[in-house]
Amino acid sequence: MPIRSTDQVLHKAAWLYYTHGMRQDEVAKHLDISRASVAMYLRRARETGIVNIATSTQLFADDVLARQLEDAAKLKAVWIVPEDRQAIDPTAEMPVVAAAVFLELIGKGDRVGVAWGRTVYHIADVMPFADLQGVTVVQLCGNLGAPYSYRPDQCTTEIARRLNAEGINFYAPLVLSSERLAQELRQEPVIQEQLATIPDCTLALYSVGGIEADSHLVKCGALTAEEMKALGEAGAAGVIAGQVIDREGQLMDCAHNRRCISADLDSIRSIPKRMMVVQEDEKLEPLVAAIKGGFASHLVITASMARRLLDRWSGAAQPQ
């Protein structure tokens, strides 16, 4: 398992103080903790040898990689799931780690936005039960047909159930048959009201979809494999809450997006904590696009993906 949340804060405090040269009050402000806590963490870092990064254990080496990726990609926090220990299967470990991180990020009275997909559903499935009355879990996009697995309403409902929180489902299709129909449905007061509350979320949980022929949008019938291929040739790189984004993380100008009932991407970007979880190796390009587009502030990934991301940012200009 990656280090506990308190140990991660300890490591980040030492990283900011010793590597970036921040003053203790600057570290406290950056991490939103007291200056006394910073002093305590720095003392513990010296006592445990964390400060000596060159002689860190593999556990802390992974966390040095996380700190480097945070710096390079301008991310608030990164959690890395190791892959080089035989006792750990990353595909099984990833949702467990992500569920723990998700619970750490939730505050009293928070409004939490949830998208959909296999990754989010697996996180919901392993999430421990918690009594978080006063928290509201809202669906970020419209729904899919009943036979499809990992539907948005399933993910939202299960996470709300696990947290003993209020769940608010989005009772509209994700994709309409025509642009005109989608435009008219967006004008309905109940839909307008629900979409208008998305910027009020303090935390979002989602992954980024790919644009392969077997991607979720193709499997659920929203797009044909040929249509998805054409979007890729036109510059599409990934999918956020059912909407196709280009390689810079911007909304594609395409018929599919105009037929979508989903949260406005600017509304999603305005959510303070945007937790993205990615475990598939083939999602490097969609993840790069999502980070460039500002859709991730908190990231849970495998060690190999972290190294690939860091290599990408080391060889290219940093996203704005």
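Quick note: structure is the one above.
Keep in mind that what you see is a predicted model, and the values were worked out from it rather than measured.

A. Seen up close, the packing of aromatic side chains. One pass over the full model with this rule turns up one aromatic pair. Measuring from centroid to centroid gives 5.7 Å for Tyr-121 and Tyr-150, while their planes differ by 55°, and the two rings are tilted. One end of the pair, Tyr-121, is in helix α6 (residues 118-126); the other, Tyr-150, is in the loop between β3 (136-139) and α7 (152-163), with 29 residues separating them in the sequence. For Tyr-121, a relative accessible area of 27% puts it in the partly exposed group. By relative accessible area, Tyr-150 is classed as partly exposed at 24%.

B. Up close: the environment of Ile-123. With respect to the helices and strands, the residue Ile-123 is situated in helix α6. Expressed as a C-alpha distance, the spacing of Ile-123 and Leu-205, which sit 82 residues apart in the sequence, is 9.7 Å.

C. Main features of the packing of helix α14 (residues 284-292) against helix α15 (residues 303-314). At a closest axis distance of 11 Å, the pairing of α14 and α15 adopts a crossing angle of 60°. Viewed along their axes, α14 and α15 adopt a mutual orientation that is oblique. Here α14 runs over α15; the crossing is right-handed. Note on element contacts: α15 touches α14 through Met-305, Arg-308, Leu-309, Arg-312 and Trp-313, opposite Leu-284, Glu-285, Leu-287, Val-288, Ile-291 and Lys-292. Residues of the contact of α14 with α15, tallied by class, amount to seven nonpolar, no polar and four charged.

D. Layout of the packing of helix α2 (residues 24-31) against helix α3 (residues 35-48). Contact geometry of α2 with α3 gives a least axis separation of 8 Å together with a crossing angle of 105°. Here α2 is positioned roughly perpendicular relative to α3, judged by the angle of their axes. Taken together, the residues of α3 that come into contact with α2 (itself represented by Gln-24, Asp-25, Val-27 and Ala-28) are Arg-35, Val-38, Ala-39 and Leu-42.

E. Structural context of the nonpolar core. Of all hydrophobic cores here, the largest spans 89 residues; its most connected members are Ile-240, Met-276 and Leu-309. Sorting elements by how many residues they give to this core places helix α5 (residues 90-105) first, with seven residues. Ignoring anything within four residues of it in the chain, the contact list for Leu-309 reads Leu-69, Leu-284, Leu-287, Val-288, Ile-291, Leu-299 and Ile-301. Grouped together as the second largest cluster of nonpolar side chains are 13 residues, Ala-13, Trp-15, Leu-16 and Ala-45 included.

F. Region of the structure containing unusual backbone geometry. Phi at Asp-32 is positive, roughly 60°, even though this residue is not glycine. Of note, Asp-32 is situated in the loop between α2 and α3. Assessed through its relative accessible area of 70%, Asp-32 is described here as exposed. In this structure, Asn-164 is a non-glycine residue whose phi angle is positive, near 55°. By secondary structure assignment, the location of Asn-164 is in the loop between α7 and β4 (166-168).

G. Geometry of a negative patch on the surface. A cluster of acidic residues, Glu-83, Glu-212, Asp-214, Asp-281 and Glu-282, forms a negative patch on the protein surface. One can find Glu-282 in the loop between β8 (273-277) and α14. Look at Glu-282 and you get exposed, because its relative accessible area is 53%.

H. Representation of the side chain of Thr-136 in the model. Structurally, Thr-136 is set in strand β3. Classification of Thr-136 by relative accessible area gives buried; the value is 11%. Look past the residues within four positions of Thr-136 in its chain and what remains in contact with it is Asp-110, Arg-111, Val-112, Glu-166 and Ile-168.

What counts and how
- Residues numbered from 1 in each chain as written.
- Predicted model: local features only at pLDDT ≥ 70, side-chain atom pairs only at ≥ 80, totals over all residues.
- Heavy atoms only, no water.
- Phe/Tyr/Trp six-rings, centres within 6.5 Å; stacked < 30°, edge-to-face > 60°.
- Helix = DSSP H or I, 4+ residues; strand = E, 2+ residues; numbered from the N terminus.
- Buried < 20%, exposed > 50% of the residue type's maximum accessible area, 1.4 Å probe, protein only.
- Axes fitted to C-alpha atoms, helices over the stretch in contact; angles between N-to-C directions.
- Parallel < 35°, antiparallel > 145°, perpendicular 65-115°, else oblique.
- Left-handed = near helix turned anticlockwise from the far one by under 90°.
- Contact = heavy atoms within 4.5 Å.
- Nonpolar A, V, L, I, M, F, W, Y, C, P; charged D, E, K, R; others polar.
- Core = buried A, V, L, I, M, F, W, Y, C linked by side-chain atoms within 4.5 Å.
- Patch = residues over 30% accessible without salt bridge, like charges linked within 9 Å, V, L, I, M, F, W, Y side chains within 5 Å.
- Areas by Shrake-Rupley, 256 points an atom, 1.4 Å probe, with all protein chains shown as cover.
- Salt bridge = Lys/Arg side-chain N within 4 Å of Asp/Glu carboxyl O.
- Lys, Arg positive; Asp, Glu negative; His and termini not counted.
- Charge placed at Lys NZ, Arg CZ, Asp CG, Glu CD.

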